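Residues per chain are reported as follows:
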Amino acid sequence: MVMDKIFEIIKKEKKRQREELAMIPSENFASEAVMRAVGSSLMNKYAEGYPRKRYYQGNVNMDLVESLAQERILKVFGLNEARWGVNVQPYSGSPANLAVYNALLAPGDKMMGMYLPDGGHLTHGWRLDSRPISITSKFYRSEFYHVDRKTRVFNYAAIAKQAKKYRPKIIISGGTAYPRNINHKKLAGIAKKVGAYYLADIAHEAGLVAGGANPSPFPYADVVTFTTHKTFRGPRGAVIVARRDLIDKINFSVFPGLQGGPHLHTIAGIAVAAGELTTASFRRYARQVVKNAQTLAAELKKGGLDIVSGGTDKHLVLVDLRNLKLSGWTVAWALDKAGIIANRNTVPYDTASPYYPSGLRLGTPALTSRGMKVPEMKKIAVWILAVIDHVKKEKMPEGKKAVNRFAKKFRQAVDRDPWLKKLNREVTAFAKKYPLPGI
Ligand SMILES: Cc1ncc(COP(=O)(O)O)c(C=O)c1O
């Protein structure tokens, strides 16, 4: 074993992952095979360019890796090579989206994506009023569609009306906290009517689409992007799949437009994950992820929590804590101390800040990868409800100074809290019974 301090930290992190319940919807556990491919000698090689068109010598094996990854991506989604092209080189989801815009838009063109606090993503043109936050809103003009205030799901007629007025060059769907299926047919139709491209960013649900548990955007979208480290269960990376007539522009945008040498070790890991995704056991996994999230949503709802949109079709559950006058920050820290790792999140029409938002986002992909099913979700829901009950008197005050004081005191209090410590021991003993995939 190599003796570097980093390996001590890795050991500690592995222990943490084994002893805690990972409930962040964008996280998962890659398999041993994926990890071995990523940690291989492929990382030593420069391979600028694409298969059979490299700028460096010695790429015979790199060509095989990248071509196999492309083939497997097509197979995963049941796509025909004559209609679709694949780029597996984006370093991650954010550069993948930027590469698509760089290929299809001119600076100053208009994009329309989901409003970030409703559950959209930064790379869909996020800005605060006229202040660009994401670089995408520096290069392009952006406007956002919302979920309906009452139902907290999309009103497609309202989106169509907005698109007709705004006339964007691209309409983007997908996000980080929208728990319901997206109607790709409707959004693609809206885009077509105004002469816009339709980009489906399925970063979160790619694995669920591959496993047949969520609807596929492929019959309708012009371009689909996704990350490979969430429900896809591969290494950190991303893929762009585009209509055949757009792929050359997109390839040129990724390299040489935005990136240099591709990370072939990561691409190898993506290929291995894609191979795993076409198995019957992965299809069972994808369905179980959704069933687990639906169970969790139903149990939390029974316990009195306000579940955004009333439930979920996916791997994630969004809880609105405003009816309890609680902050997502408070609940997330208390859960953390109990060994349940969730994340605080904004909820639709949130008036709180993104750092201290009013929601809690929970996901089931990682727990399902450890073999947890409906009974385990019910048990975890009881714990989550108990933690919320335990902190229900801890109301976040108004004003920056008072919030800072409260946050400091609260963190100290939960660190010492004997009830949370006891629950943590129970959660740890439970979590350790479920094997952690990977090495
Ligand atoms: C919808 C969506 N798009 C893009 C991204 C960006 O991916 P990355 O974090 O790999 O840059 C994410 C990440 O959470 C996402 O949820």
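An unreviewed UniProt entry lists the protein chain under the name Serine hydroxymethyltransferase, with Candidatus Beckwithbacteria bacterium GW2011_GWB1_47_15 as the source organism. Word for word, the UniProt comment on the protein chain under Catalytic activity (unreviewed entry) is "(6R)-5,10-methylene-5,6,7,8-tetrahydrofolate + glycine + H2O = (6S)-5,6,7,8-tetrahydrofolate + L-serine". The UniProt entry for the protein chain carries this comment under Subcellular location (unreviewed entry): "Cytoplasm".

Trainee: Hey, could you run me through the UniProt feature "domain: Serine hydroxymethyltransferase-like" (unreviewed entry) in the protein chain in this one?
Mentor: The UniProt record annotates "domain: Serine hydroxymethyltransferase-like" (unreviewed entry) at residues 4-384. In residues 4-384, the share of helix is 42% and the share of strand is 16%. The end C-alpha atoms are 38 Å apart.

Trainee: Quick question: what am I supposed to make of the UniProt feature "binding site: (6S)-5,6,7,8-tetrahydrofolate" (unreviewed entry) in the protein chain here?
Mentor: When the UniProt feature table is mapped to this numbering, "binding site: (6S)-5,6,7,8-tetrahydrofolate" (unreviewed entry) covers Leu116, Gly120, His121 and Leu122. Lining the second largest pocket, from this annotated set, are Leu116, Gly120, His121 and Leu122. Tracing the sequence through the fold places histidine 121 in the loop between β5 (110-114) and β6 (127-128). In this view, histidine 121 contacts Ser94, Met114, Leu116, Gly175 and Thr176; residues no more than four positions away in its chain are not counted. With respect to the helices and strands, leucine 122 occurs in the loop between β5 and β6. On the accessibility criterion, leucine 122 (40% relative accessible area) is partly exposed. When near neighbours in sequence (up to four residues on either side) are disregarded, leucine 122 contacts Leu116, Ile133, Ser134 and Thr136.

Trainee: Is there a simple way to explain the site of the ligand in this structure?
Mentor: The ligand sits among 13 residues. The nearest are Ser92, Gly93, Ser94, Asp201 and Lys230. Between the ligand and histidine 204, the relevant distance is 3.4 Å, taken from an oxygen atom to a side-chain nitrogen or oxygen of the residue. A distance of 3.1 Å separates an oxygen atom of the ligand from a polar side-chain atom of lysine 230. Surface burial for the ligand is 84%, taken as the share of its 390 Å² of free accessible area covered by protein chains. Here the ligand is seated within the second largest pocket. Take the shell around the ligand: its biggest share by element is three residues, from helix α4 (residues 93-104). Across the shell around the ligand, the residue classes break down as one nonpolar, ten polar and two charged.

Trainee: Where do I start with the sheet that holds strand β17 (residues 359-363) in this structure?
Mentor: Strand pairing in a sheet is mediated by backbone hydrogen bonds. Such pairs are either parallel or antiparallel. If you walk across this open sheet you meet the four strands as β13-β14-β17-β16, and the pairing is antiparallel. Of all strands in the sheet, those with a lone pairing partner are β13 (306-307) and β16 (343-345), marking the two edges. Against the sheet, helix α12 (residues 328-338) touches β16 and β17, its axis set at about 45 degrees to β17.

Trainee: How should a nonpolar patch on the surface be read in this particular structure?
Mentor: On the surface, Ile6, Phe7, Ile9 and Ile10 cluster together to form a nonpolar patch covering roughly 350 Å² of accessible area. Here isoleucine 9 lies in helix α1 (residues 5-19). When its relative accessible area of 46% is taken as the criterion, isoleucine 9 is described as partly exposed.

Trainee: Whenever I open this one, the nonpolar core confuses me. Can you help?
Mentor: Generally speaking, a soluble globular protein has its nonpolar side chains buried in company with each other. Judged by nonpolar contacts, the single largest core of 61 residues is most densely connected at Ile73, Phe77, Phe154, Phe226 and Phe232. Of all the elements, helix α10 (residues 264-277) adds the most residues to this core, at eight residues. Looking at which domains feed residues into this core, each of domain 1 (33-277) and domain 2 (281-431) gives three or more. In this structure, phenylalanine 232 is in contact with Ile73, Phe77, Ala206, Gly207, Phe226, Thr227, Ile270, Ala273, Ala274 and Leu277, ignoring residues within four places of it in sequence. Membership of the second largest hydrophobic core comes to 45 residues, among which are Val319, Leu360, Leu367 and Leu420.

Trainee: Just checking my understanding: could you explain the sheet that holds β5 for this structure?
Mentor: With mixed pairing, the seven strands of this open sheet are ordered in space as β4-β12-β11-β10-β9-β5-β8. Looking along the sheet, the strands with just one partner apiece sit at the ends: β4 (84-87) and β8 (141-145). Pairs of neighbouring strands in the sheet enclose a mean axial angle of 20 degrees, with direction left out of account. In the sheet, strand β11 (residues 223-227) pairs with strand β12 (residues 238-243) via five bridges, with the strands oriented antiparallel. In the strand pairing of β12, valine 224 is matched with valine 241. Strands in contact with helix α7 (residues 184-193) are β9 (170-173) and β10 (197-201); relative to β10, the strand with the most contacts, it is inclined by about 150 degrees.

About the thresholds
- Residues numbered from 1 in each chain as written.
- Predicted model: local features only at pLDDT ≥ 70, side-chain atom pairs only at ≥ 80, totals over all residues.
- Heavy atoms only, no water.
- UniProt positions renumbered as here; feature names shortened; annotations may be inferred.
- Helix = DSSP H or I, 4+ residues; strand = E, 2+ residues; numbered from the N terminus.
- 1 Å grid on protein atoms, 1.4 Å probe; cavity = no way out; pocket = protein on both sides within 12 Å on 5 of 7 lines; lining within 4 Å.
- Contact = heavy atoms within 4.5 Å.
- Buried < 20%, exposed > 50% of the residue type's maximum accessible area, 1.4 Å probe, protein only.
- Near = heavy atom within 4 Å.
- Polar contact = N/O pair within 3.5 Å; in protein donor to acceptor, adjacent residues only side chain to side chain.
- Areas by Shrake-Rupley, 256 points an atom, 1.4 Å probe, with all protein chains shown as cover.
- Sits in = over half its atoms within 2 Å of the grid points.
- Nonpolar A, V, L, I, M, F, W, Y, C, P; charged D, E, K, R; others polar.
- Pairing = 2+ DSSP bridges.
- Axes fitted to C-alpha atoms, helices over the stretch in contact; angles between N-to-C directions.
- Patch = residues over 30% accessible without salt bridge, like charges linked within 9 Å, V, L, I, M, F, W, Y side chains within 5 Å.
- Salt bridge = Lys/Arg side-chain N within 4 Å of Asp/Glu carboxyl O.
- Core = buried A, V, L, I, M, F, W, Y, C linked by side-chain atoms within 4.5 Å.
- Domains from an automatic or database assignment.

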